[in-house]
Amino acid sequence: MQLKIPDSLNLYLPSPIQELESSLLKLKSVRVFVKRDDLIHPTLSGNKWRKLKYNLANAKSQDYKTLLTFGGAFSNHIHATAAAGKIFGFNTIGIIRGEAHESLNPTLTFAREQNMHLEYVSRQDYRKKTQSEFITYLHDKFGDFYLIPEGGSNELALPGCQEIIHEINAQLSLPVDYVCTACGSGGTLAGLALAKSSSKILGFAVLKNAGFLNDDVRKLLGNSGSACWQINLDYHFGGYAKRTQELMEFLHKFRQDFRIPIEPVYTAKMFFGLFDMIRDEQIPKNSTIVALHTGGLQGFHEQF
Ligand SMILES: *Cc1c(COP(=O)(O)O)cnc(C)c1O
């Protein structure tokens, strides 16, 4: 199942890896590399491209004309699916949680510009997004479509994320102890774990009370076997898209120190957690770590 990727798309793959330097890392003899998936493409960036790739291939191979998916008004997944639809020749339908507003935010404005049809549903209805009755209702309304779940995390999201590990192994000729990612739905972490590398896969949940993620990841992995993985639940900073002054100060200092843009919903929480774990040696001295920059920067500029 191969997706024909137009040369003109200019995807930056394999995405580059860069090492961070700081006094803390020197003190602990820890090496941290950042895998810059945020640089893959301006609109198909980060893990959303990785998760969409094999879904797009599957939809094409089955001759689907339309993609339908779900998300909130600031969803990076809605943004990426709208872009992918335009580029790969699908109609797209976005089922958006909540009321329509008169003026669209930049994420939804972009989605509209890619010709995504936006369908707003109440929060109550949105909760039914995985129920077969609701899907039947959507089919009655919109006809035939290829369904991609919220966040893009289904079984076919995994092989695209698995490729990140293969790229890392080809790019770094040293043993990697940890590969880190931020976790929303856990699809990216599951894909990294699926590669069964000797690196431990360490996730940082961005939602509060995200213990359910362990089950979700297990479900996604099924019986395929996996690398050793673990999700740290301590760095949600109050919950999804919530932020504190401490987090924002960290974000600005990170941008300044390393000249790498990060955003508060996902990547700042991961890096904050990672540095904290290095500081108190939950991550042992002399470790080598690759932190995945999952992108998401499009959603940041608009809120500040
Ligand atoms: C969606 C997203 C994630 C979370 O990925 P999951 O596969 O849902 O765990 C992490 N980082 C960014 C920037 C995202 O947009």
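Rules of the game
- Starting from 1, residues in each chain are numbered consecutively following that chain's sequence as written.
- Predicted model: local features are reported for residues with pLDDT of at least 70 only, side-chain atom pairs are reported and counted for 80 or more only, and whole-chain, interface and lining totals are derived from all residues.
- Excluded from the side-chain calculations are hydrogens and water; all other atoms, namely the structure's heavy atoms, are used.
- Aromatic pairs are defined between Phe, Tyr and Trp rings, using the six-membered ring for Trp, whenever the two ring centres lie within 6.5 Å; interplanar angles under 30 degrees are classed as stacked, those over 60 as edge-to-face, and all others as tilted.
- Numbering of helices and strands starts at the N terminus; helices are DSSP runs of H or I of at least 4 residues and strands are runs of E of at least 2.
- Categorising residues by exposure relies on relative accessible area from a 1.4 Å probe, with only protein chains included: less than 20% of the type maximum marks a residue as buried, more than 50% marks it as exposed, and the intermediate range marks it as partly exposed.
- Here, a charge over a ring means that NZ of Lys or CZ of Arg falls within 6 Å of the ring centre while also lying within 35 degrees of the ring normal.

Visitor: Give me the lowdown on the packing of aromatic side chains, citing residues and values where you can.
Guide: Per the counting criterion, the structure on display carries 15 aromatic pairs. Aromatic pair Phe70 and Tyr126: ring centres 6.3 Å apart, planes at 80°, arrangement edge-to-face. In this pair, Phe70 sits in strand E3 (residues 66–71) while Tyr126 sits in helix H5 (residues 123–126), placing the two residues 56 residues apart along the sequence. Taken individually, Phe70 and Tyr126 each receive the classification buried, so the pair is uniform in this respect. Between Phe237 and Phe272, the ring centres sit 4.9 Å apart and the planes meet at 85°, which makes this aromatic pair edge-to-face. Highlighted residues: Phe237 in the loop between strand E9 (229–232) and helix H10 (245–258) and Phe272 in helix H11 (residues 267–279), separated in sequence by 35 residues. Both residues of the pair, Phe237 and Phe272, count as buried. Ring-pair connections join several aromatic residues into one group, and the members of that group are Phe204, Tyr235, Phe237, Phe250, Phe254, Phe258, Phe271, Phe272 and Phe275. The residue whose ring lies beneath Lys60 is Phe90, and the NZ or CZ to ring-centre distance is 4.2 Å.

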